[in-house]
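# Architecture and fold: a report
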Amino acid sequence: MNVAATVPPPNSVKRSPFGTKLLLSEDHPLCPGCGHPVALRVILEVLEELSLVGRSVGIFGHGCSAMMIGQMDVDLNLSLHGRAPATATGVKRMLPDRAVFTMQGDGDMVSEGLAEVLHTAARSEKITCFLLNNGVFGDTGGHMTAASVIGQRTKTDLTGRKAEEHGYPIPISKLVASLDGVSYVARASVHNAAGITQAKRFVRKAFEHQMQRTGFSLVEILTMCPTGWVSKTADGPAYMMETLGQQMGLGELKDSLAAG
Amino acid sequence: MSNPVQSGGTVIIAQDRCKGCELCIPACPPRVLSMSTEKNALGYYFPELAEGCTGCTACHLVCPDYVFEVYRLLPPQPSQSQTSAVQ
Ligand SMILES: Cc1ncc(C[n+]2csc(CCOP(=O)(O)OP(=O)(O)O)c2C)c(N)n1
Ligand code: SF4
Ligand code: SF4
Ligand code: SF4
Ligand SMILES: [Mg+2]
(Lines give C-alpha, C1' and ligand atoms only; values in the text may rest on other atoms or scores of the structure.)
(Ligands and ions follow the chains in the order given, each with its own letter.)
Protein backbone atom coordinates (compact mmCIF):
# COMPACT_ATOMS: atom_id res chain seq x y z
CA MET A 1 0.00 0.00 0.00
CA ASN A 2 1.28 3.45 -0.90
CA VAL A 3 1.24 5.56 2.27
CA ALA A 4 2.88 8.65 0.74
CA ALA A 5 1.22 11.89 1.83
CA THR A 6 -0.74 13.85 -0.75
CA VAL A 7 -0.83 17.13 1.19
CA PRO A 8 1.59 18.52 3.81
CA PRO A 9 0.88 16.44 6.94
CA PRO A 10 -0.26 18.24 10.10
CA ASN A 11 2.28 18.73 12.90
CA SER A 12 5.31 18.39 10.64
CA VAL A 13 8.22 20.41 9.34
CA LYS A 14 9.15 20.50 5.68
CA ARG A 15 12.72 19.24 5.36
CA SER A 16 13.03 19.67 1.63
CA PRO A 17 10.92 21.19 -1.12
CA PHE A 18 10.62 19.55 -4.55
CA GLY A 19 13.10 21.82 -6.28
CA THR A 20 14.61 25.10 -5.12
CA LYS A 21 13.27 28.65 -5.01
CA LEU A 22 15.38 29.49 -8.05
CA LEU A 23 13.72 26.86 -10.22
CA LEU A 24 10.70 28.28 -12.01
CA SER A 25 9.50 24.78 -12.86
CA GLU A 26 10.51 21.29 -11.81
CA ASP A 27 9.66 19.88 -15.24
CA HIS A 28 12.64 19.54 -17.55
CA PRO A 29 13.52 17.63 -20.72
CA LEU A 30 16.66 15.85 -19.48
CA CYS A 31 16.76 12.03 -19.71
CA PRO A 32 15.70 9.64 -16.95
CA GLY A 33 18.58 9.10 -14.54
CA CYS A 34 20.61 12.10 -15.76
CA GLY A 35 22.94 13.52 -13.09
CA HIS A 36 22.84 17.13 -14.31
CA PRO A 37 19.56 18.23 -12.66
CA VAL A 38 20.91 17.11 -9.29
CA ALA A 39 24.11 19.14 -9.73
CA LEU A 40 22.10 22.17 -10.89
CA ARG A 41 19.82 21.97 -7.85
CA VAL A 42 22.83 21.88 -5.54
CA ILE A 43 24.37 24.96 -7.18
CA LEU A 44 21.08 26.90 -7.05
CA GLU A 45 20.64 26.00 -3.37
CA VAL A 46 24.09 27.35 -2.56
CA LEU A 47 23.30 30.62 -4.36
CA GLU A 48 20.25 30.94 -2.09
CA GLU A 49 22.11 29.98 1.06
CA LEU A 50 24.94 32.45 0.41
CA SER A 51 22.40 35.23 -0.31
CA LEU A 52 23.63 35.54 -3.89
CA VAL A 53 20.12 35.59 -5.37
CA GLY A 54 19.92 38.61 -7.69
CA ARG A 55 23.68 39.04 -7.43
CA SER A 56 24.79 36.12 -9.58
CA VAL A 57 25.32 35.60 -13.29
CA GLY A 58 25.67 32.20 -14.90
CA ILE A 59 27.26 31.55 -18.28
CA PHE A 60 26.26 28.24 -19.81
CA GLY A 61 28.20 26.36 -22.42
CA HIS A 62 26.60 24.04 -24.96
CA GLY A 63 25.43 20.74 -23.57
CA CYS A 64 22.45 19.09 -21.94
CA SER A 65 22.53 21.27 -18.80
CA ALA A 66 21.75 24.29 -21.01
CA MET A 67 18.34 22.76 -21.69
CA MET A 68 17.37 23.99 -18.22
CA ILE A 69 18.27 27.66 -18.60
CA GLY A 70 14.71 28.63 -19.44
CA GLN A 71 13.47 27.59 -16.01
CA MET A 72 16.18 29.01 -13.75
CA ASP A 73 15.50 32.32 -12.02
CA VAL A 74 19.11 33.51 -12.38
CA ASP A 75 20.66 35.96 -14.86
CA LEU A 76 22.05 33.64 -17.51
CA ASN A 77 23.81 33.77 -20.82
CA LEU A 78 24.43 30.97 -23.32
CA SER A 79 27.92 31.29 -24.75
CA LEU A 80 29.61 29.74 -27.76
CA HIS A 81 30.68 26.12 -27.28
CA GLY A 82 33.60 26.04 -24.82
CA ARG A 83 33.82 29.82 -24.55
CA ALA A 84 31.92 30.32 -21.30
CA PRO A 85 35.06 31.19 -19.25
CA ALA A 86 35.85 34.03 -21.67
CA THR A 87 32.30 35.42 -21.50
CA ALA A 88 32.35 35.04 -17.71
CA THR A 89 35.64 36.96 -17.59
CA GLY A 90 34.02 39.93 -19.32
CA VAL A 91 30.96 39.86 -17.05
CA LYS A 92 33.04 39.62 -13.88
CA ARG A 93 35.37 42.45 -14.90
CA MET A 94 32.42 44.74 -15.58
CA LEU A 95 30.40 43.59 -12.54
CA PRO A 96 33.02 42.63 -9.94
CA ASP A 97 30.55 42.35 -7.07
CA ARG A 98 28.52 39.62 -8.79
CA ALA A 99 29.03 35.90 -8.28
CA VAL A 100 29.88 34.81 -11.82
CA PHE A 101 29.94 31.16 -12.73
CA THR A 102 30.09 28.95 -15.80
CA MET A 103 28.18 25.72 -16.33
CA GLN A 104 29.99 23.46 -18.76
CA GLY A 105 30.08 19.85 -19.83
CA ASP A 106 33.31 17.95 -20.39
CA GLY A 107 32.86 18.14 -24.16
CA ASP A 108 32.41 21.88 -23.79
CA MET A 109 35.23 22.56 -21.34
CA VAL A 110 37.81 19.86 -22.07
CA SER A 111 37.32 19.11 -25.78
CA GLU A 112 36.01 22.30 -27.38
CA GLY A 113 37.17 24.94 -24.94
CA LEU A 114 40.35 23.66 -23.32
CA ALA A 115 42.33 26.83 -24.11
CA GLU A 116 39.60 29.06 -22.67
CA VAL A 117 39.47 27.48 -19.24
CA LEU A 118 43.26 27.19 -18.92
CA HIS A 119 43.88 30.83 -19.87
CA THR A 120 41.07 32.03 -17.61
CA ALA A 121 42.50 30.05 -14.69
CA ALA A 122 46.03 31.27 -15.36
CA ARG A 123 44.78 34.88 -15.51
CA SER A 124 43.33 34.24 -12.04
CA GLU A 125 39.92 35.54 -13.04
CA LYS A 126 37.71 35.73 -9.95
CA ILE A 127 35.06 33.40 -11.35
CA THR A 128 33.89 29.87 -10.59
CA CYS A 129 33.69 27.28 -13.34
CA PHE A 130 31.49 24.23 -12.90
CA LEU A 131 32.28 21.17 -14.96
CA LEU A 132 29.48 18.61 -15.17
CA ASN A 133 31.63 15.69 -16.25
CA ASN A 134 29.94 12.62 -17.66
CA GLY A 135 32.78 11.71 -20.02
CA VAL A 136 30.64 12.01 -23.15
CA PHE A 137 29.20 14.60 -25.51
CA GLY A 138 25.76 13.80 -24.10
CA ASP A 139 23.79 16.42 -26.01
CA THR A 140 24.91 15.29 -29.45
CA GLY A 141 24.52 11.57 -28.84
CA GLY A 142 27.09 10.34 -26.34
CA HIS A 143 30.36 10.19 -28.27
CA MET A 144 33.80 10.16 -26.64
CA THR A 145 35.32 13.37 -25.30
CA ALA A 146 38.85 14.33 -24.27
CA ALA A 147 37.72 13.54 -20.71
CA SER A 148 36.34 10.02 -21.26
CA VAL A 149 38.38 7.71 -19.05
CA ILE A 150 40.13 4.50 -20.10
CA GLY A 151 37.64 1.68 -20.49
CA GLN A 152 34.63 3.99 -20.41
CA ARG A 153 31.85 2.99 -22.79
CA THR A 154 30.63 5.70 -25.13
CA LYS A 155 28.33 5.67 -28.16
CA THR A 156 31.36 5.86 -30.47
CA ASP A 157 33.17 2.98 -28.78
CA LEU A 158 30.96 0.48 -27.07
CA THR A 159 33.99 -1.54 -25.96
CA GLY A 160 35.39 1.45 -24.08
CA ARG A 161 38.20 3.96 -24.51
CA LYS A 162 41.56 2.35 -25.30
CA ALA A 163 44.82 4.23 -24.69
CA GLU A 164 46.55 2.76 -27.78
CA GLU A 165 43.78 3.87 -30.06
CA HIS A 166 42.28 6.97 -28.46
CA GLY A 167 45.04 8.27 -26.21
CA TYR A 168 44.60 9.29 -22.59
CA PRO A 169 41.98 11.49 -20.95
CA ILE A 170 42.88 15.06 -20.01
CA PRO A 171 42.58 15.42 -16.22
CA ILE A 172 41.36 19.01 -16.32
CA SER A 173 41.03 19.57 -12.58
CA LYS A 174 44.60 18.41 -12.01
CA LEU A 175 45.87 20.71 -14.78
CA VAL A 176 43.97 23.71 -13.46
CA ALA A 177 45.04 23.05 -9.86
CA SER A 178 48.68 23.17 -10.96
CA LEU A 179 48.37 26.77 -12.17
CA ASP A 180 49.31 29.77 -10.04
CA GLY A 181 46.36 32.09 -9.55
CA VAL A 182 43.98 29.22 -8.98
CA SER A 183 42.44 29.35 -5.55
CA TYR A 184 40.14 26.35 -5.25
CA VAL A 185 39.69 23.08 -7.17
CA ALA A 186 37.61 20.10 -6.12
CA ARG A 187 35.99 17.04 -7.66
CA ALA A 188 32.68 15.69 -6.41
CA SER A 189 30.04 13.31 -7.71
CA VAL A 190 26.27 12.92 -7.56
CA HIS A 191 26.29 9.10 -7.37
CA ASN A 192 24.58 8.97 -3.95
CA ALA A 193 23.26 11.17 -1.13
CA ALA A 194 26.66 11.45 0.60
CA GLY A 195 28.34 12.40 -2.68
CA ILE A 196 25.70 15.05 -3.32
CA THR A 197 26.18 16.49 0.16
CA GLN A 198 29.93 16.66 -0.46
CA ALA A 199 29.33 18.31 -3.84
CA LYS A 200 27.30 21.00 -2.12
CA ARG A 201 30.10 21.67 0.36
CA PHE A 202 32.60 22.08 -2.49
CA VAL A 203 30.27 24.37 -4.46
CA ARG A 204 29.83 26.58 -1.39
CA LYS A 205 33.58 26.79 -0.82
CA ALA A 206 34.21 27.70 -4.45
CA PHE A 207 31.77 30.63 -4.23
CA GLU A 208 33.34 31.71 -0.94
CA HIS A 209 36.75 31.81 -2.63
CA GLN A 210 35.29 33.86 -5.44
CA MET A 211 33.59 36.37 -3.12
CA GLN A 212 36.86 36.75 -1.18
CA ARG A 213 38.60 37.35 -4.53
CA THR A 214 41.34 34.84 -3.77
CA GLY A 215 41.51 33.57 -7.36
CA PHE A 216 39.97 31.27 -9.91
CA SER A 217 37.88 28.32 -8.72
CA LEU A 218 36.74 25.11 -10.41
CA VAL A 219 34.39 22.43 -9.16
CA GLU A 220 34.15 19.29 -11.25
CA ILE A 221 30.99 17.28 -10.59
CA LEU A 222 30.71 13.78 -12.02
CA THR A 223 27.21 13.26 -13.38
CA MET A 224 25.48 10.18 -14.77
CA CYS A 225 24.67 9.98 -18.49
CA PRO A 226 22.98 6.59 -18.85
CA THR A 227 21.97 7.54 -22.40
CA GLY A 228 25.55 8.12 -23.55
CA TRP A 229 26.94 5.17 -21.62
CA VAL A 230 24.24 2.85 -22.94
CA SER A 231 23.52 1.72 -19.39
CA LYS A 232 20.34 1.18 -17.42
CA THR A 233 19.41 4.27 -15.42
CA ALA A 234 19.58 2.30 -12.17
CA ASP A 235 23.15 1.16 -13.01
CA GLY A 236 24.34 4.71 -13.78
CA PRO A 237 25.80 5.65 -10.37
CA ALA A 238 27.71 2.35 -9.99
CA TYR A 239 29.04 2.53 -13.56
CA MET A 240 30.14 6.12 -13.00
CA MET A 241 32.05 5.22 -9.85
CA GLU A 242 33.70 2.18 -11.52
CA THR A 243 34.96 4.34 -14.37
CA LEU A 244 35.23 8.13 -13.88
CA GLY A 245 35.08 8.03 -10.08
CA GLN A 246 37.62 5.27 -9.61
CA GLN A 247 40.17 6.65 -12.07
CA MET A 248 40.01 10.26 -10.91
CA GLY A 249 39.00 10.12 -7.24
CA LEU A 250 36.88 12.58 -5.32
CA GLY A 251 38.00 15.38 -3.02
CA GLU A 252 39.66 18.78 -2.90
CA LEU A 253 42.70 19.22 -5.14
CA LYS A 254 43.54 22.77 -4.03
CA ASP A 255 42.36 25.13 -1.30
CA SER A 256 44.50 28.23 -0.98
CA LEU A 257 42.48 29.55 1.99
CA ALA A 258 43.07 26.36 3.97
CA ALA A 259 46.76 26.33 3.04
CA GLY A 260 47.26 30.00 4.06
CA MET B 1 -6.97 9.02 8.26
CA SER B 2 -5.41 11.26 5.64
CA ASN B 3 -1.90 10.45 6.80
CA PRO B 4 -1.51 6.96 8.28
CA VAL B 5 2.34 7.12 8.55
CA GLN B 6 3.32 6.91 12.21
CA SER B 7 7.11 6.93 11.71
CA GLY B 8 9.39 9.98 11.85
CA GLY B 9 8.65 11.28 8.39
CA THR B 10 6.76 11.12 5.17
CA VAL B 11 7.06 12.29 1.58
CA ILE B 12 4.80 13.74 -1.06
CA ILE B 13 5.58 12.03 -4.38
CA ALA B 14 4.93 14.06 -7.55
CA GLN B 15 4.43 10.83 -9.43
CA ASP B 16 3.35 12.51 -12.69
CA ARG B 17 6.84 14.00 -13.03
CA CYS B 18 8.73 10.76 -12.34
CA LYS B 19 10.78 9.31 -15.22
CA GLY B 20 11.15 5.88 -13.65
CA CYS B 21 14.96 5.90 -13.29
CA GLU B 22 14.79 3.99 -9.96
CA LEU B 23 17.68 5.96 -8.41
CA CYS B 24 15.55 6.66 -5.33
CA ILE B 25 14.92 2.97 -4.57
CA PRO B 26 18.41 1.96 -3.30
CA ALA B 27 18.99 5.50 -1.94
CA CYS B 28 16.31 5.07 0.74
CA PRO B 29 18.08 3.79 3.90
CA PRO B 30 15.05 1.99 5.45
CA ARG B 31 14.10 0.66 1.98
CA VAL B 32 10.52 1.87 2.16
CA LEU B 33 10.32 2.91 -1.49
CA SER B 34 9.39 0.47 -4.25
CA MET B 35 8.32 0.92 -7.86
CA SER B 36 4.64 0.91 -8.79
CA THR B 37 3.00 -1.64 -11.03
CA GLU B 38 0.96 1.10 -12.76
CA LYS B 39 2.52 3.62 -15.15
CA ASN B 40 2.11 7.39 -14.93
CA ALA B 41 0.95 9.61 -17.79
CA LEU B 42 4.52 9.81 -19.13
CA GLY B 43 4.59 6.02 -19.34
CA TYR B 44 6.95 5.38 -16.43
CA TYR B 45 6.68 3.34 -13.25
CA PHE B 46 7.04 5.56 -10.18
CA PRO B 47 7.98 5.03 -6.52
CA GLU B 48 5.45 4.26 -3.80
CA LEU B 49 6.03 4.60 -0.06
CA ALA B 50 5.57 1.85 2.53
CA GLU B 51 5.39 2.47 6.29
CA GLY B 52 8.66 3.45 7.96
CA CYS B 53 9.84 6.68 6.30
CA THR B 54 12.27 8.56 8.57
CA GLY B 55 12.17 11.85 6.66
CA CYS B 56 15.90 11.60 5.96
CA THR B 57 15.68 13.39 2.52
CA ALA B 58 17.96 10.91 0.69
CA CYS B 59 15.31 10.30 -1.99
CA HIS B 60 14.97 14.04 -2.52
CA LEU B 61 18.75 14.42 -2.84
CA VAL B 62 19.23 11.79 -5.54
CA CYS B 63 16.08 12.33 -7.66
CA PRO B 64 16.89 14.06 -10.97
CA ASP B 65 13.26 15.02 -11.49
CA TYR B 66 12.50 16.74 -8.18
CA VAL B 67 9.75 14.26 -7.37
CA PHE B 68 10.02 14.24 -3.57
CA GLU B 69 8.96 16.74 -0.95
CA VAL B 70 10.03 15.49 2.50
CA TYR B 71 8.43 16.13 5.89
CA ARG B 72 9.58 15.29 9.37
CA LEU B 73 6.69 14.54 11.70
CA LEU B 74 6.87 16.28 15.06
CA PRO B 75 6.15 14.37 18.30
CA PRO B 76 2.60 14.97 19.59
CA GLN B 77 2.32 18.20 21.61
CA PRO B 78 1.36 17.88 25.32
CA SER B 79 -2.31 18.81 25.69
CA GLN B 80 -3.44 22.09 27.31
CA SER B 81 -4.68 20.41 30.52
CA GLN B 82 -1.40 18.51 31.04
CA THR B 83 0.58 21.73 30.60
CA SER B 84 -1.53 23.63 33.13
CA ALA B 85 -1.34 20.72 35.61
CA VAL B 86 2.48 21.02 35.64
CA GLN B 87 2.29 24.77 36.22
C1 LIG C 1 31.20 25.06 -32.14
C2 LIG C 1 30.21 23.97 -31.90
N3 LIG C 1 30.55 22.69 -32.13
C4 LIG C 1 29.70 21.69 -31.88
C5 LIG C 1 28.45 21.95 -31.40
C6 LIG C 1 27.48 20.82 -31.13
N7 LIG C 1 27.35 20.47 -29.73
C8 LIG C 1 26.34 20.99 -28.97
S9 LIG C 1 26.27 20.34 -27.44
C10 LIG C 1 27.59 19.34 -27.78
C11 LIG C 1 28.06 18.33 -26.77
C12 LIG C 1 28.31 18.86 -25.42
O13 LIG C 1 28.86 17.87 -24.62
P14 LIG C 1 29.23 18.19 -23.13
O15 LIG C 1 29.85 19.52 -23.03
O16 LIG C 1 30.03 17.06 -22.57
O17 LIG C 1 27.83 18.30 -22.41
P18 LIG C 1 26.78 17.15 -22.01
O19 LIG C 1 25.71 17.22 -23.02
O20 LIG C 1 27.51 15.85 -21.97
O21 LIG C 1 26.32 17.56 -20.66
C22 LIG C 1 28.06 19.53 -29.05
C23 LIG C 1 29.21 18.81 -29.65
C24 LIG C 1 28.10 23.31 -31.17
N25 LIG C 1 26.91 23.64 -30.65
N26 LIG C 1 29.00 24.29 -31.42
S1 SF4 D 1 22.09 12.66 -22.94
FE2 SF4 D 1 23.11 12.24 -20.99
S3 SF4 D 1 23.67 14.29 -20.18
FE4 SF4 D 1 22.11 14.58 -21.79
S5 SF4 D 1 20.14 14.65 -20.71
FE6 SF4 D 1 20.49 12.53 -21.40
S7 SF4 D 1 21.48 11.52 -19.64
FE8 SF4 D 1 21.67 13.75 -19.32
S1 SF4 E 1 12.80 10.54 3.24
FE2 SF4 E 1 14.36 8.94 3.59
S3 SF4 E 1 13.21 7.28 4.54
FE4 SF4 E 1 11.67 8.64 3.64
S5 SF4 E 1 11.29 7.76 1.59
FE6 SF4 E 1 12.88 9.32 1.36
S7 SF4 E 1 14.82 8.18 1.51
FE8 SF4 E 1 13.20 6.84 2.35
S1 SF4 F 1 14.61 9.01 -8.58
FE2 SF4 F 1 12.92 10.39 -9.09
S3 SF4 F 1 12.58 10.14 -11.29
FE4 SF4 F 1 13.81 8.40 -10.59
S5 SF4 F 1 12.31 6.79 -10.13
FE6 SF4 F 1 12.72 7.87 -8.22
S7 SF4 F 1 11.12 9.45 -8.16
FE8 SF4 F 1 11.19 8.72 -10.25
MG1 LIG G 1 29.50 15.58 -21.24
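Residues numbered from 1 in each chain as written. Chains lettered and ligands numbered in written order. Predicted model: local features only at pLDDT ≥ 70, side-chain atom pairs only at ≥ 80, totals over all residues. Heavy atoms only, no water.

## Details of the pattern of salt bridges
Close approach of charged atoms allows side chains of opposite charge to pair. Residues and elements named next belong to chain A. Stated formally: Any carboxyl oxygen of Asp or Glu that lies within 4 Å of a side-chain nitrogen of Lys or Arg is treated as forming a salt bridge with it. The numbering of helices and of strands both runs from the N terminus, where a helix is a DSSP run of H or I of at least 4 residues and a strand a run of E of at least 2. Summary of the burial criterion: residues with accessible area below 20% of their type's maximum are buried, those above 50% are exposed, and those between are partly exposed, where the area comes from a 1.4 Å probe applied to protein chains only.
Enumeration according to the criterion identifies 14 salt bridges over all chains in this entry. Among the salt bridges present, the one from Lys-200 reaches Glu-45, with a minimum N-O distance of 2.7 Å. Taken together, the residues Lys-200 in helix H7 (residues 193-211) and Glu-45 in helix H1 (residues 36-49) connect sequence positions 155 residues apart. Residue Lys-200 is classed as buried on the basis of its relative accessible area, which comes to 18%. With a relative accessible area of 13%, Glu-45 lands in the buried category. Each of Arg-41, Glu-45, Glu-49, Lys-200 and Arg-204 takes part in salt bridges that share partners, so that together they form one network.

## Description of the site of ligand 2
Rules: Distances are taken per atom, and a residue is near a molecule or strand as soon as one of its heavy atoms is within 4 Å of it. As a working rule, the residues Ala, Val, Leu, Ile, Met, Phe, Trp, Tyr, Cys and Pro are called nonpolar, Asp, Glu, Lys and Arg charged, and the rest polar, with Gly in that last group.
Neighbouring ligand 2 are the residues Leu-30, Cys-31, Cys-34, His-36, Cys-64, Asn-134, Gly-138, Cys-225, Pro-226 and Thr-227 of chain A. Of the residues belonging to the shell around ligand 2, the class tally is six nonpolar, four polar and no charged.

## Structural notes on the site of ligand 1
All names here are of chain A. The condition that has to hold: N or O atoms closer than or at 3.5 Å make up a polar contact, with two conditions inside protein: a donor-capable atom paired with an acceptor-capable one, and, for residues adjacent in sequence, both atoms drawn from side chains. Method for areas: the Shrake-Rupley scheme with a 1.4 Å probe, in which residue coverage is limited to the protein chains shown.
As a structural note, the neighbourhood of ligand 1 is formed by 16 residues, with His-36, Gly-107, Asp-108, Gly-138 and Asp-139 the closest of them. Here Gly-138 contributes a backbone N or O atom positioned 2.8 Å from an oxygen atom of ligand 1. Out of a free accessible area of 590 Å², ligand 1 has 74% covered by protein chains. Broken down by class, the residue content of the shell around ligand 1 amounts to three nonpolar, nine polar and four charged.

## Let's talk about the interface of chain A and chain B
Test applied: Residue contacts follow a heavy-atom distance rule, with two residues in contact if any of their heavy atoms lie within 4.5 Å. Summed over both partners, the accessible area (1.4 Å probe) lost when two parts come together is defined as the buried area.
Each partner contributes residues to the interface: chain A has 41 residues there, and chain B has 42 residues. Interface of chain A and chain B: buried area, both sides summed, is about 3,400 Å²; carbon and sulfur atoms make up 60% of it. Of all residues in chain A, Val-3, Arg-15 and Phe-18 of chain A give up the largest surface area on contact with chain B, accounting jointly for 22% of the area buried on that side. Scanning the region where chain A abuts chain B turns up one salt bridge.

## So, the side chain of Arg-187 of chain A
Residues and elements named next belong to chain A. For Arg-187, the position within the fold is in strand S8 (residues 182-189). According to the relative accessible area criterion, Arg-187 is buried, its value standing at 4%. One polar contact links Arg-187 to Glu-220, side chain to side chain, over a distance of 3.1 Å.

## Description of the sheet that holds strand S10 (residues 251-255) of chain A
Residue and element names in this part refer to chain A. Applicable threshold: Following DSSP output, two strands are said to pair if at least two bridges run between them. Convention adopted: a line fitted to C-alpha atoms gives each axis, helices being fitted over their contacting stretch, and angles between N-to-C directions are expressed from 0 to 180 degrees.
A sheet is described by the order of its strands in space; here seven strands give the open sequence S3-S2-S4-S5-S9-S8-S10, paired in mixed fashion. At either margin of the open sheet sits one strand with a lone partner, and together these are strand S3 (75-78) and S10. Pairwise comparison of adjacent strand axes, ignoring direction, gives a mean angle of 15 degrees for this sheet. One ladder, built from six bridges, connects strand S5 (residues 128-133) with strand S9 (residues 216-222); its direction is parallel. Looking across to S9, one finds that Phe-130 is bridged to Val-219. Its contacts with the sheet put H7 on strand S4 (99-105), S5, S8, S9 and S10, and the angle it makes with S8 is roughly 165 degrees.

## Some remarks on the coordination of the magnesium ion (ligand 5)
Residue and element names in this part refer to chain A. Under the convention used in this document: Note: metal donors comprise N, O and S atoms at 2.8 Å or less from the metal (3.2 Å for Na, K and Ca); water molecules are not included, so apparent gaps in a site are possible.
All of the protein donors around the magnesium ion (ligand 5) are Asp-106 (OD), Asn-134 (OD1) and Val-136 (O); their distances to the metal are 2.1 Å. Between consecutive donors of the magnesium ion (ligand 5), the numbers of intervening residues give the motif D-x27-N-x1-V. The exposure classification of Asn-134 matches that of Val-136, with both residues buried.

Shape is all these values report; function is a separate question.
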